[in-house]
Amino acid sequence: MAGRPPASSRPRAPRVSAPDLPDHLDEVPALRSRADLLGVVVTGVSAEVDAAHCRLIESRVAAASGPAAGHVDVTGATFVDVAVDGLRAMALVARDASWRNVTVGGGRVATLDGQRARWDSVVVRDVHIDYLSLPSAELTDVLFVDCTFGTVDLPEARLARVAFEGCRADEVDTRGLRCDDLDFRGLEALAFTDVRALTGAWLQPRQAELHAAAFAQALGIRICA
């Protein structure tokens, strides 16, 4: 009888690509609901942005050049080959949004609501997010670098080739999480809501030791002095 194939010695890294941006971008003052934009640079992010169901292709959002926003709504929006620089907002609502070849660099967002979002080849770098909410989202080839999170919610999410590097989080909600090549080695998390959902994820030995009591409890192991 054939034996089981050997497990990989390390997770597969995310396959990410930088946004393919043209040399010249036409300036537009703001994003609008259901706008269809190609090859532009958005030079202003106002206090309240309604850009639900817009399409933004081969473009840049120069959010760092403007004041902090209150509520940015990109529900159902499609971003392809988009760079977002220095976004500061109380809420970024990206439910049911589709992002491919997107980079988000710098800034601070109080709440990023990505329920049922679909991210493919996305890099989030040096962003402070108090509440990252991705329930039922599908993330493939996603990389988080040097980010600080309060809470990361991933209930019922599907993650494939997702990695964290130099990141910190207070709590990660993993209930119902399904993952393949999920690399948590670069995420300093104080707590996981359901450690049983980490099956298939990767941790460092030090992280496993830190959460050993939670692993034991999940397995029904009793620990006493």
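The structure contained in this document is the topic of the report that follows. (Residues numbered from 1 in each chain as written. Predicted model: local features only at pLDDT ≥ 70, side-chain atom pairs only at ≥ 80, totals over all residues. Heavy atoms only, no water.)

**Focus: the pairing of strand β14 (residues 167-173)**
Summarising the sheet, strand β12 (residues 148-153) and β14 pair through five bridges and their orientation is parallel. When the sheet's bridge partners are listed, T151 is paired in β14 with E171. When β14 meets strand β16 (residues 187-192), the two strands line up parallel, connected through five bridges. Opposite A169, over in β16, you have A189 as the bridge partner. (Pairing = 2+ DSSP bridges. Helix = DSSP H or I, 4+ residues; strand = E, 2+ residues; numbered from the N terminus.)

**A look at the side chain of T75**
Within the element layout of this structure, T75 appears in the loop between β6 (69-73) and β7 (78-93). At 2.6 Å, the side chain of T75 and the side chain of D73 are in polar contact. With sequence-adjacent residues up to four places away left out, T75 is seen in contact with A52, H53, V93, A94 and R95. (Polar contact = N/O pair within 3.5 Å; in protein donor to acceptor, adjacent residues only side chain to side chain. Contact = heavy atoms within 4.5 Å.)

**Observations concerning the pattern of salt bridges**
When the charged atoms of two side chains with opposite charge come close together, those side chains can pair. By the definition in use, this model includes 11 salt bridges. Of the charged contacts, one joins R175 and D173 as a salt bridge, the two residues approaching to 2.6 Å between their closest N and O atoms. One salt bridge connects R196 with D194, and the closest N-O pair in it is separated by 3.0 Å. With relative accessibility at 59%, the residue R196 sits in the exposed group. (Salt bridge = Lys/Arg side-chain N within 4 Å of Asp/Glu carboxyl O. Buried < 20%, exposed > 50% of the residue type's maximum accessible area, 1.4 Å probe, protein only.)

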